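# Reading the structure
Here is how the chains run, residue by residue.
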Amino acid sequence: MALNKRAKLGLDLSLLGIVIVAAFSLATGDNLTANVGGTQKVYGNIPPDQIEFLSTGDRIKSVAASGSMMAIWETLEHGEKVECIDCIPSVEPLLYDANPRTREIAAWWLRRRIFGVWGPNEVYQRTVNTLANDADPRRRANAAYALGEFLAAPGVDACAAAIERDGDPTVRAAAASALGRLNDPGNGALTKALADVDARVKLAALGSAGRINTFVDKAAVAKLIGDGDGNVRRRSIELLGAMRAADAVYGVIAVAQNDPDANVRNAACHTLGTLHDQKARAVLETISKNDTNGLVRDQAQIALRRL
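Just so we're clear, the structure is a prediction, and the values are computed from it rather than from any experiment. (Residues numbered from 1 in each chain as written. Predicted model: local features only at pLDDT ≥ 70, side-chain atom pairs only at ≥ 80, totals over all residues. Heavy atoms only, no water.)

## Quick word on a nonpolar patch on the surface
For clarity, the cut-off: Note that patches include only residues with greater than 30% relative accessible area and no salt bridge, and the join distances are 9 Å for like charges and 5 Å for nonpolar side chains (Val, Leu, Ile, Met, Phe, Trp, Tyr). Each accessible area value is a Shrake-Rupley result obtained with a 1.4 Å probe; residue values ignore everything except the protein chains displayed when judging cover. Any carboxyl oxygen of Asp or Glu that lies within 4 Å of a side-chain nitrogen of Lys or Arg is treated as forming a salt bridge with it. Secondary structure elements are defined from DSSP: runs of H or I of at least 4 residues count as helices, runs of E of at least 2 residues count as strands, and each element is numbered from the N terminus.
Nonpolar side chains collect at one region of the surface, where Ile-85, Ile-114 and Phe-115 lie side by side and expose about 340 Å² of accessible area between them. Along the chain, Ile-114 falls in the loop between α6 (100-110) and α7 (123-133).

Spelled out as structure tokens, the structure:
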């Protein structure tokens, strides 16, 4: 009799566990049974809602077709190691989604596939071709961003070619940003982007130059401290400080004294402190007392302490 009671109690607990798992599966839209069972076998009887689940292939395809941004992000993250060749045609269009985070995680998921992405005429090659040939500049720009997220060497030449030849500044800016993600100056392409006529391209190139550990063209950056766009001037001066461009000290001094934009003067004072050059002392002392902007005066005082 006692044995029957224990058996009944065990059956009741098992049924309760099944009900909990089923309820959680319905709430999330995923089949969690395999994950829950395996995890509980290793770690004990922990609650199902504390167990990471793997996305099924059907879930990936469904969410990629019509899911919300959050659902896409969650599903692809939980499907990092799920090999689903049938899912690739559903995920590939997300490389051209309007949301940059969705594009990023789609490329992140695709680059982890063993099959279906890297071969001839497959996803990666199609992305390269889109950057080179698509009639829509928005799609070309998104292709450039995707090549950056794929983190593969052929993307360097493809983005360098876009900087050289593409007539749309949005695409050139995307290609310059992608070179930063790829940690490669593109055999001079990034320097060319720094000299672009469009401020967006120059800003993207400055951002990438600050990330690429092999970029050393300080002269190309220094040329931008006289640019007509205040954001370009500010960012170039910040980068000169990060690059410890001692030869640019006189140009930065001139900007700190004369630039009409207080944000640019502020950045110039900070860079002068970073360069630790005594030639800037007298100028910084004057700025610390006489600049019309209080933040610039404060920055000059901080820079003086760093000389």
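## Describing the packing of helix α17 (residues 281-290) against helix α18 (residues 294-306)
The condition is simple: Only the stretch in contact is used when fitting a helix axis, every axis being a line fitted to C-alpha atoms; angles between N-to-C directions are given from 0 to 180 degrees. Throughout, a crossing is termed right-handed when the near helix is turned clockwise from the far one, and left-handed when it is turned anticlockwise from it by less than a right angle. Residue contacts follow a heavy-atom distance rule, with two residues in contact if any of their heavy atoms lie within 4.5 Å. Side-chain classes follow a simple rule in which Ala, Val, Leu, Ile, Met, Phe, Trp, Tyr, Cys and Pro form the nonpolar group, Asp, Glu, Lys and Arg form the charged group, and the remainder, Gly included, forms the polar group.
Where α17 contacts α18, the two axes come as close as 7 Å, and the packing angle between them is 145 degrees. When the axes of α17 and α18 are compared, the crossing they make is left-handed. Contact residues: α17 offers Arg-281, Leu-284, Glu-285, Ile-287, Ser-288, Lys-289 and Asn-290, while α18 offers Val-296, Arg-297, Ala-300, Gln-301, Ala-303 and Leu-304. Per-class residue counts for the contact of α17 with α18 are six nonpolar, three polar and four charged.

## Let's talk about the state of the cysteines
When the sulfur atoms of two cysteines share a covalent bond, that bond is a disulfide. Worth spelling out the cut-off: Any cysteine sulfur atom paired with another within 2.5 Å is treated as part of a disulfide. Partly exposed residues are those whose accessible area sits between 20% and 50% of the maximum for their type, while under 20% is buried and over 50% is exposed, using a 1.4 Å probe and protein chains only.
The tally for this structure, following the rule as stated, stands at one disulfide. Disulfide pairing places Cys-84 opposite Cys-87 at an S-S distance of 2.1 Å. Judged by the sign of its S-S torsion, about 75 degrees, the cystine formed by Cys-84 and Cys-87 is right-handed. Relative accessible area serves as the criterion here: at 0%, Cys-87 is assigned to the buried category.

## Considering the environment of Thr-214
Here Thr-214 is to be found in the loop between α12 (199-209) and α13 (218-222). A relative accessible area of 47% means that Thr-214 is categorised as partly exposed. Separated by 31 residues in sequence, Thr-214 and Asn-183 place their C-alpha atoms 7.9 Å apart.

## Regarding the pattern of salt bridges
Tallied over the full model, the rule gives 17 salt bridges. The salt bridge partner of Arg-112 is Glu-80, with a shortest N-O separation of 3.1 Å. Residue Arg-112 is found in the loop between α6 and α7, and its partner Glu-80 is found in the loop between α4 (69-78) and α5 (88-91); the two are separated by 32 residues along the sequence. The class for Arg-112 is partly exposed, based on a relative accessible area of 30%. Judged by relative accessible area, Glu-80 falls into the partly exposed class, the value being 29%. The salt bridge involving Glu-92 is made with Arg-126; its shortest N-O contact spans 2.7 Å. Residue Glu-92 is located in the loop between α5 and α6, and its partner Arg-126 is located in helix α7; the two are separated by 34 residues in the primary sequence. The class of Arg-126 is partly exposed, set by a relative accessible area of 33%. Linked by salt bridges that have partners in common, Arg-234, Arg-235 and Glu-238 make up one network.

## Let's talk about the environment of Pro-185
With respect to the helices, strands and loops of the structure, Pro-185 is situated in the loop between α10 (169-182) and α11 (189-194). Each C-alpha atom of the pair Pro-185 and Ala-160 lies 8.5 Å from the other, and the pair is 25 residues apart in sequence. The residues contacting Pro-185, other than those within four sequence positions of it, are Leu-179, Leu-190, Ile-212, Thr-214 and Phe-215.

## Quick notes on unusual backbone geometry
The phi angle at Asn-183 is positive, at roughly 55 degrees, despite the residue not being glycine. Tracing the backbone through its elements, the reader meets Asn-183 in the loop between α10 and α11. Classification of Asn-183 by relative accessible area gives partly exposed; the value is 33%.

## Some words on α18
Formally: Multiplying 1.5 Å by the helix residue count minus one yields the expected span of that helix. Picture the helix axis, draw a direction to every C-beta atom, and the arc is the one those directions span. Counting of polar contacts relies on pairs of N or O atoms within 3.5 Å, with two restrictions inside protein: one atom must be capable of donating a hydrogen and the other of accepting it, and residues adjacent in sequence are counted only when both atoms are side-chain atoms.
Taking 1.5 Å of rise per residue, 13 residues should cover 18 Å, and α18 covers 19 Å from first to last C-alpha, within 8% of that figure. Within α18, burial applies to Val-296, Gln-299, Ala-300, Ala-303 and Leu-304. Each buried residue of α18 sits inside an arc of 145 degrees when the element is viewed along its axis, so together they form one side. Exposed positions of α18 whose direction lies more than 90 degrees from the buried face are Leu-295 and Arg-305. Next to the buried residues of α18 lie α16 (262-275) and α17. Its side-chain oxygen at 2.9 Å from the backbone nitrogen of Leu-295, Asn-293 defines the N-terminal cap of α18.

## Looking at the nonpolar core
This is how it is decided: Residues grouped as a nonpolar core are buried Ala, Val, Leu, Ile, Met, Phe, Trp, Tyr and Cys residues, joined through side-chain atoms within 4.5 Å.
Within the largest apolar cluster, 89 residues are counted, with the highest numbers of intra-cluster contacts made by Leu-95, Trp-109, Leu-110, Leu-131, Phe-150 and Leu-284. Once you skip the residues sitting within four places of it in the chain, Leu-110 turns out to touch Ile-88, Val-91, Glu-92, Leu-95, Val-117, Trp-118, Val-123 and Phe-150.

## What about the packing of aromatic side chains?
A ring pair, where both rings are aromatic, is described by two values, the distance of the centres and the angle of the planes. Worth spelling out the cut-off: Two rings from Phe, Tyr or Trp (for Trp, the six-membered ring) form a pair when their centres are within 6.5 Å of each other. A pair whose planes differ by under 30 degrees is stacked, one over 60 is edge-to-face, and the rest are tilted. Any Lys NZ or Arg CZ found within 6 Å of a ring centre and within 35 degrees of that ring's normal is scored as a charge over the ring.
Counted under the stated rule, the structure contains three aromatic pairs. Measuring from ring centre to ring centre gives 5.0 Å for Trp-118 and Tyr-124, while their planes differ by 35 degrees; the resulting arrangement is tilted. With relative accessibility at 35%, the residue Trp-118 sits in the partly exposed group. Since its relative accessible area comes to 6%, Tyr-124 is described here as buried. The ring of Trp-109 carries the charged tip of Arg-113 above its face, separated from the ring centre by 4.1 Å. Between the NZ or CZ atom of Arg-139 and the centre of the ring of Tyr-96, over which it lies, the distance is 4.1 Å.

Nothing here speaks to function; it is geometry throughout.
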